[in-house]
Protein chains: 4
Amino acid sequence: MNKRSATESKSKIINAAIKVFSENGYKGTSMRMIASTASISVGGLYLYFANKEDLYLTLIKEAYDELTRKVTNARNEAGSSSEALSLFISHYINTARKNRELILIQGREHKFAFGMDIKRKFFRDQKNIIEGIIQQGITSGEFSGCNVKETSKIIFCVLRGFILSLIVEPDALFSPEECSNLILNGLLKGKQK
Amino acid sequence: MNKRSATESKSKIINAAIKVFSENGYKGTSMRMIASTASISVGGLYLYFANKEDLYLTLIKEAYDELTRKVTNARNEAGSSSEALSLFISHYINTARKNRELILIQGREHKFAFGMDIKRKFFRDQKNIIEGIIQQGITSGEFSGCNVKETSKIIFCVLRGFILSLIVEPDALFSPEECSNLILNGLLKGKQK
Amino acid sequence: MNKRSATESKSKIINAAIKVFSENGYKGTSMRMIASTASISVGGLYLYFANKEDLYLTLIKEAYDELTRKVTNARNEAGSSSEALSLFISHYINTARKNRELILIQGREHKFAFGMDIKRKFFRDQKNIIEGIIQQGITSGEFSGCNVKETSKIIFCVLRGFILSLIVEPDALFSPEECSNLILNGLLKGKQK
Amino acid sequence: MNKRSATESKSKIINAAIKVFSENGYKGTSMRMIASTASISVGGLYLYFANKEDLYLTLIKEAYDELTRKVTNARNEAGSSSEALSLFISHYINTARKNRELILIQGREHKFAFGMDIKRKFFRDQKNIIEGIIQQGITSGEFSGCNVKETSKIIFCVLRGFILSLIVEPDALFSPEECSNLILNGLLKGKQK
DNA sequence: GATGAATGAGTCTTCATTCAT
DNA sequence: GATGAATGAAGACTCATTCAT
């Protein structure tokens, strides 16, 4: 019966849960797995979280909030729209890379019966930020007059795909710079960079 | 008690399994769910598949093979590299859209203890095809001299993200044309289309 | 994996459940106890009943129905009101004695969160029958003009107490005849029997 | 961290336990519930009672003792046997009504693995008192010559049923007077009251 | 071939009890 | 005295798998 402070235990649990959930998904993770990873008893888990769902939700909420905070800043720091988009992309990707656990964002195996409101809000927020950047670029004459909504969906999908690759297939990871470059300039020749 | 031919039963099971797995994930799907969707008995499932894993593996293998077949053709049908890439993208996306279940490809909730070899091979194949198209475009002077490996990873990530969106958030879906356009031309002004 | 017919298994479970619930109460009974008493696996229980509550409810419903049926007949078979009451009492007590499990009727340990509607209806029905008998006895001049409602409550309480004694303290059981006698004649001397 | 005297804490716990046990039964009551009702820590409970069972036993023992004390007096206060019986009944019922928690006496959900000796002794004592009253009434010529043992069992059952009704179904409660009246005079006409 | 009753290990969750502070 | 974090066994329920029919 190791006596730890409440906060210490809670953070041990959170870290363990992030690790185990991200490796095995929601359904594939048992409370026992989390407990043993956190070096705590099964019952101990329920001292800090009402149930498995609550634990999971806490996790993704935290991850979302952190990413949203960083990414929002990106927009404000930038001089031009190109720069804003590049910053957005690299913030997003670097945060995801560091917090491999962010993959949770994309968790999909439990039918989204819960937590979907959190997730949807997050996705909407992200897409709005991208749309804002692109719209501004078009208005300022920096970007060509593309379909804003479609384009931001595509960009968002690159990032989503990146995160999924973090778990599925680490070799698939690319650098933020190359990504910005492709999105800004495209593949075809004849664009003055 | 229905007397069906073996193949008929097997295909009923496969279709049911695709539907149910794609909606609920691997862990979220029970053999009973598959059986009842296939209008067959639980025991009947084990007449055609050794176990749940075997059934799942059969499924993704088939889905992969079909997509690979279609996508490979894309390359051969095309006149230019741009066209090849556009065809690849639209084949990929349209197939995925039609076979919503393809999302299985990306399924991640069961620790990848099995089936990972199949998946990895599939991913590698896909990326090789894209790399081939890009390389050819550069060689022929059609594309600018980008980093082939990185670029194809990014393109692959868009597609992967698209598939994930199929389940997660249908609003996020974009059109293949817009996607090809962005990838080919980029966002910045000043490219003659 | 003994193969029994569905009905056979279900009745084995019901009998086991009656026995175990009546001995240990709702909370004090585990599904494992019922399963092992029924010589069936734990999972087997859930083939026939959705959950513990469902099993319990089925039981008390059946017990109530049987008792109500028997007791209703009592009234119709009797010639006089005295006889009707005596028959009611002996039917009630004998049925309860035979189905020791009837005690479930009185189960109280789970806060009555469920099943209370069934129980209440049963109690109301029983009391109505007694009231009917007493009222008729008064009308016909057979009984003295007592407070019908109060009196039937008291009689009902004797029966309820009898059933509780079945579990708590078998020595406390009395004969239906003596009970009828006391209720009809009272303790005081000077009544011509 | 409240500094209370030991006796103060102990009585707070007892009161809380009476309340909670009587509402939820033995198995339905958790130590945490008692602790929080008593505004004490979980660990604090174990400072005064060895375990849950000990706490429960202390409770029913106290409740029994109180009732026995009151009811014993009844006998001594009375002039006649009729009066003694009436007093016994009203003391019993009124005490029970006031201490709704007395229902614990009848608690049945925990297999009676423990506490049964206490309970049995209590029941035996009560019945002996009733038997004594009846016997005396017969000897003195006040009561008719009924079967003493059977009759006292029946009377005891009315009281037991009354207590059970306290929880199960408050509408079923009757007045002590009516009860005494029925038991003394019976239902049939022709008795001079 | 096909059925579906049966199994039992495994899942989430609760709770009496202990003990470092 | 008092606290409350920690434990682990036990409970309700699920599900992949088997097998008698």
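Residues numbered from 1 in each chain as written. Chains lettered and ligands numbered in written order. Predicted model: local features only at pLDDT ≥ 70, side-chain atom pairs only at ≥ 80, totals over all residues. Heavy atoms only, no water.

Focus: the overall build of chain A
The line we're drawing: Going along the chain from the N terminus, every DSSP run of H or I of four or more residues is numbered as a helix, and every run of E of two or more is numbered as a strand. Per-residue accessibility, obtained with a 1.4 Å probe over protein chains only, is compared with the maximum for each type, and a residue is labelled buried under 20%, exposed over 50%, and partly exposed between these values. Contacts are residue-level and defined by heavy atoms, with any inter-residue pair within 4.5 Å sufficient. Residue exposure ignores everything except the shown protein chains as possible cover, and the areas themselves are Shrake-Rupley values with a 1.4 Å probe.
In terms of regular secondary structure, chain A is built from eight helices and zero strands. In sequence order, the secondary structure elements of chain A are arranged as α-α-α-α-α-α-α-α. Taking all 193 residues of chain A together, the buried fraction comes to 55%. The long-range share in chain A, meaning contacts at least 24 apart out of those at least 6 apart in sequence, stands at 66%. Of the roughly 8200 Å² that chain A leaves accessible, carbon and sulfur atoms contribute 50%.

A look at the packing of aromatic side chains
Condition: Side-chain rings of Phe, Tyr and Trp (the six-membered ring for Trp) are treated as a pair once their centres are within 6.5 Å; stacked means planes under 30 degrees apart, edge-to-face means over 60, and tilted covers the remaining angles.
Within this structure, the stated rule accounts for 32 aromatic pairs over all chains. The interplanar angle of 65 degrees and the centroid separation of 4.9 Å between the aromatic rings of Phe162(A) and Phe174(A) together place this pair among those described as edge-to-face. Of the two residues, Phe162(A) is situated in helix α7 (residues 148-168) and Phe174(A) in the loop between α7 and α8 (176-185); the sequence distance between them amounts to 12 residues. With a centroid separation of 4.9 Å and 65 degrees between ring planes, the pair formed by Tyr26(B) and Tyr56(B) is classed as edge-to-face. Taken as a pair, Tyr26(B) in the loop between α1 (6-24) and α2 (31-37) and Tyr56(B) in helix α4 (residues 52-77) lie far apart in primary sequence, 30 residues in all.

Examining the side chain of Ser82(B)
Following the sequence through the fold, Ser82(B) ends up in helix α5 (residues 81-98). On the basis of relative accessible area, Ser82(B) is assigned to the buried category, the value being 13%. Aside from chain neighbours lying at most four places away, what touches Ser82(B) is Leu188(A), Glu142(B), Phe143(B) and Leu184(B).

Here's the deal with the nonpolar core
To keep it simple, the criterion reads: Here the nonpolar core consists of buried residues drawn from Ala, Val, Leu, Ile, Met, Phe, Trp, Tyr and Cys, with membership extended through side-chain atoms lying within 4.5 Å.
Within the largest apolar cluster, 112 residues are counted, with the highest numbers of intra-cluster contacts made by Ile34(A) and Ile34(B). Setting aside its immediate chain neighbours within four residues, Ile34(B) contacts Ile13(B), Ala16(B), Ala17(B), Val20(B), Phe21(B), Thr29(B), Leu45(B) and Leu55(B). Residues Ala96(C), Phe156(C), Leu55(D) and Ile155(D) belong to the second largest nonpolar core, which totals 111 residues.

Concerning the pattern of salt bridges
Residues and elements named next belong to chain B. How we decide: The rule for a salt bridge is simple: a side-chain nitrogen of Lys or Arg has to be within 4 Å of a carboxyl oxygen of Asp or Glu.
For the structure shown, the criterion picks out 20 salt bridges over all chains. Between Asp65 and Lys61 there is a salt bridge, and its shortest N-O distance comes to 3.1 Å. With Asp65 and Lys61 both in helix α4 and four residues apart, this pair spans about one turn of that helix. Among the residues examined, Asp65 registers a relative accessible area of 36% and is labelled partly exposed. Taking relative accessible area as the criterion, Lys61 reaches 40% and is therefore assigned partly exposed. The partner of Glu131 in a salt bridge is Lys149, and the shortest N-O contact between them spans 3.3 Å. Linking Glu131 in helix α6 (residues 116-139) with Lys149 in helix α7 (residues 148-168), this pair joins segments that are 18 residues apart in sequence.

A few points about α1(B)
All names here are of chain B. Rules: An expected span of 1.5 Å times one less than the residue number is assigned to each helix.
For α1, which comprises 19 residues, the first-to-last C-alpha distance of 27 Å matches the rise-based estimate of 27 Å (1.5 Å per residue) to within 8%. What α1 keeps buried is the set Ser9, Ile13, Ile14, Ala16, Ala17, Ile18, Val20, Phe21, Ser22 and Asn24. Gly25 occupies a position one or two residues after α1 and carries a positive phi of about 80 degrees.

Considering the packing of helix α1 (residues 6-24) of chain D against helix α4 (residues 52-77) of chain D
All names here are of chain D. As a reminder of what qualifies: Under this scheme, a helix contributes an axis fitted over its contacting stretch, all axes are lines through C-alpha atoms, and angles between N-to-C directions fall in the 0 to 180 degree range. Working definition: roughly parallel below 35 degrees, roughly antiparallel above 145 degrees, roughly perpendicular at 65 to 115 degrees, and oblique for all remaining angles.
Interhelical geometry of α1 versus α4 gives an angle of 90 degrees and a closest axis separation of 10 Å. When the interaxial angle is binned, α1 and α4 end up roughly perpendicular. Seen from α1, the contacting residues are Ile13, Ile14, Ala17, Ile18 and Phe21; seen from α4, they are Lys52, Leu55, Tyr56, Thr58, Leu59 and Glu62.

What about empty space enclosed by the protein?
Selection criterion: A pocket, in this scheme, is an open set of points on a 1 Å grid over the protein atoms alone with protein on both sides within 12 Å along at least 5 of 7 lines, while a cavity is a set where a 1.4 Å probe fits but cannot get out; residues line either one if an atom lies within 4 Å of a point. Grid points are joined across faces, edges and corners, and a volume is the space filled by probe spheres set on the points. We call Asp, Glu, Lys and Arg charged. Ala, Val, Leu, Ile, Met, Phe, Trp, Tyr, Cys and Pro are nonpolar, and the rest, Gly among them, are polar.
Enumeration according to the criterion identifies five cavities of 30 Å³ or more in this entry. Within this model, the largest cavity holds a volume of roughly 70 Å³. In terms of lining residues, the largest cavity is bounded by 11 residues, among which Cys146(A), Thr151(A), Asn181(B), Leu182(B) and Gly186(B) are the most central. Only α7 of chain A together with α8 (176-185) of chain B provide two or more residues apiece to the lining of the largest cavity. Here the element with the most residues in the lining of the largest cavity is α8(B); it accounts for four residues. Taken together, the residues that form the lining of the largest cavity break down as four nonpolar, five polar and two charged.

Considering the state of the cysteines
Basically, it comes down to this: Cysteine sulfur pairs qualify as disulfides if the two atoms are within 2.5 Å.
Tallying each qualifying case throughout the model produces zero disulfides over all chains. The thiol of Cys157(A) is not disulfide-bonded; the next cysteine sulfur, from Cys179(B), is found 8.3 Å away.

Here's the deal with the environment of Ala16(D)
Residues and elements named next belong to chain D. Summarising the element assignment, Ala16 is placed in helix α1. Expressed as a C-alpha distance, the spacing of Ala16 and Ala35, which sit 19 residues apart in the sequence, is 7.8 Å. In this view, Ala16 contacts Ile34, Thr37 and Ala38; residues no more than four positions away in its chain are not counted.

A look at the packing of helix α4 (residues 52-77) of chain A against helix α6 (residues 116-139) of chain A
Residues and elements named next belong to chain A. Interaxial distance between α4 and α6 falls to 10 Å at its minimum, and their mutual angle equals 10 degrees. Between α4 and α6, the angle falls in the class roughly parallel. On α6, the residues touching Tyr56, Leu57, Ile60, Lys61, Tyr64, Leu67, Thr68, Val71, Thr72 and Arg75 of α4 are Ile118, Lys119, Phe122, Gln126, Ile129, Gly132 and Ile133. Taken together, the residues that form the contact of α4 with α6 break down as 10 nonpolar, four polar and three charged.

Looking at unusual backbone geometry
Excluding glycine, a negative phi dihedral is what most residues carry, and trans is how most peptide bonds are arranged. The phi dihedral of Ser39(A) is positive, around 50 degrees, even though this residue is not glycine. Tracing the backbone through its elements, the reader meets Ser39(A) in the loop between α2 (31-37) and α3 (42-48).

Considering the side chain of Gln126(A)
Note on placement: Gln126(A) falls in helix α6. Here Gln126(A) is in contact with Thr68(A), Val71(A), Phe88(A), Tyr92(A) and Phe156(A), once residues within four sequence places are set aside.

Focus: the environment of Thr68(A)
All names here are of chain A. As for its position among the elements, Thr68 is in helix α4. The class for Thr68 is partly exposed, based on a relative accessible area of 21%. Sequence-wise, Thr68 and Gln126 are 58 residues apart; in three dimensions their C-alpha atoms are separated by 7.4 Å. Setting aside residues no more than four positions away along its own chain, Thr68 makes contact with Phe122 and Gln126.

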